[in-house]
Amino acid sequence: VIVGKYATEDTRKAEEKLEHALLEYIQRDGSSGRLFYDMAWSCEFLHPKGNAQSTSVMQRNPFSSNKEMGWMNIVEFPCSRVPGTHRKKYQDYYVFAKRSGLLGRIKHETRCEIKLCGDDFNVPTKLCAPYVWVMGHQPGLVDWAVDILRDSIQSHMGM
């Protein structure tokens, strides 16, 4: 099925209205980065992906006032179950990442914007688990930042 130009534009407008309504609902919660990423990932024909192996998507920046477009991705913080409960405990990886200079290295090498989103950071979240939000001007650089983060998490967790 070929989607016509006007059908695609109507779909884009509907998605933007849905994003706006959801942003109003969550207010200024840091979950907006995760929300925008998940919506873009699910709307393949509206939000291009970097390449076949890429998990980065083209999307508006929910943290900026002008909502400029860029390449976005997220990395979840590692967690484990608290014994005897249904709660999750998020590992101290973020402390390691900040103290080791990893985040500064990623920003320097990839020129990507990095936000740590979660209750223990400057971008608190009430509606989703803590995550690292990455945005840049080129999908390859965003993918590189994500690869560095994931490799570091695996190394830190002893995987």
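Residues numbered from 1 in each chain as written. Predicted model: local features only at pLDDT ≥ 70, side-chain atom pairs only at ≥ 80, totals over all residues. Heavy atoms only, no water.

Colleague: Describe the environment of Met72, naming the residues involved and giving the relevant values.
Modeller: Relative to the helices and strands, Met72 resides in strand S2 (residues 69-76). Judged by relative accessible area, Met72 falls into the buried class, the value being 0%. (Helix = DSSP H or I, 4+ residues; strand = E, 2+ residues; numbered from the N terminus. Buried < 20%, exposed > 50% of the residue type's maximum accessible area, 1.4 Å probe, protein only.)

Colleague: Residue-level account of the sheet that holds strand S5 (residues 113-117), with values.
Modeller: Spatial strand order, S1-S2-S6-S5: four strands in an open sheet with antiparallel pairing. Across the chains shown, the open sheet's two edge strands, defined by having one partner strand only, are strand S1 (57-60) and S5. Taken over all neighbouring pairs, the strand axes of this sheet differ in orientation by 35 degrees on average, direction set aside. Alignment of S1 against S2, held across four bridges, turns out to be antiparallel. Across the sheet, residue Arg60 finds its bridge partner in S2, namely Met69. (Pairing = 2+ DSSP bridges. Axes fitted to C-alpha atoms, helices over the stretch in contact; angles between N-to-C directions.)

Colleague: Before we move on, could you go through the packing of aromatic side chains and cite the residues and values that matter?
Modeller: Counted under the stated rule, the structure contains two aromatic pairs. Look at Tyr37 and Trp41: their rings are 6.3 Å apart centre to centre, the planes differ by 15 degrees, and that puts the pair in the stacked class. With Tyr37 and Trp41 both in helix H2 (residues 31-42), this residue pair falls four residues apart, about one helical turn. Residue classification places Trp41 among the partly exposed positions, given a relative accessible area of 37%. With 4.9 Å between their ring centres and 80 degrees between their planes, Phe63 and Trp133 make a pair best called edge-to-face. Here the residue Phe63 occupies a position in the loop between S1 and S2, and Trp133 occupies one in strand S6 (residues 131-136), the gap between them amounting to 70 residues. Taking the relative accessible area as the measure of exposure, Phe63 reaches 26% and is therefore partly exposed. (Phe/Tyr/Trp six-rings, centres within 6.5 Å; stacked < 30°, edge-to-face > 60°.)

Colleague: Lay out the confidence of the model for the protein in plain terms, naming residues and giving numbers.
Modeller: Here the protein averages 82 in pLDDT, while 82% of its residues score no lower than 70. Of all helices and strands in the protein, the one with the weakest mean pLDDT is helix H3 (residues 93-99) (64), whereas S6 scores best (94). (pLDDT = per-residue confidence, 0-100.)

Colleague: Provide a residue-level description of the pairing of S2, including the pertinent values.
Modeller: In terms of burial, S2 is largely enclosed, as six of its eight residues are buried. Pairing of S2 with S6, which is carried by six bridges, proceeds in the antiparallel orientation. Looking at S6, one finds that Ile74 is bridged to Trp133.

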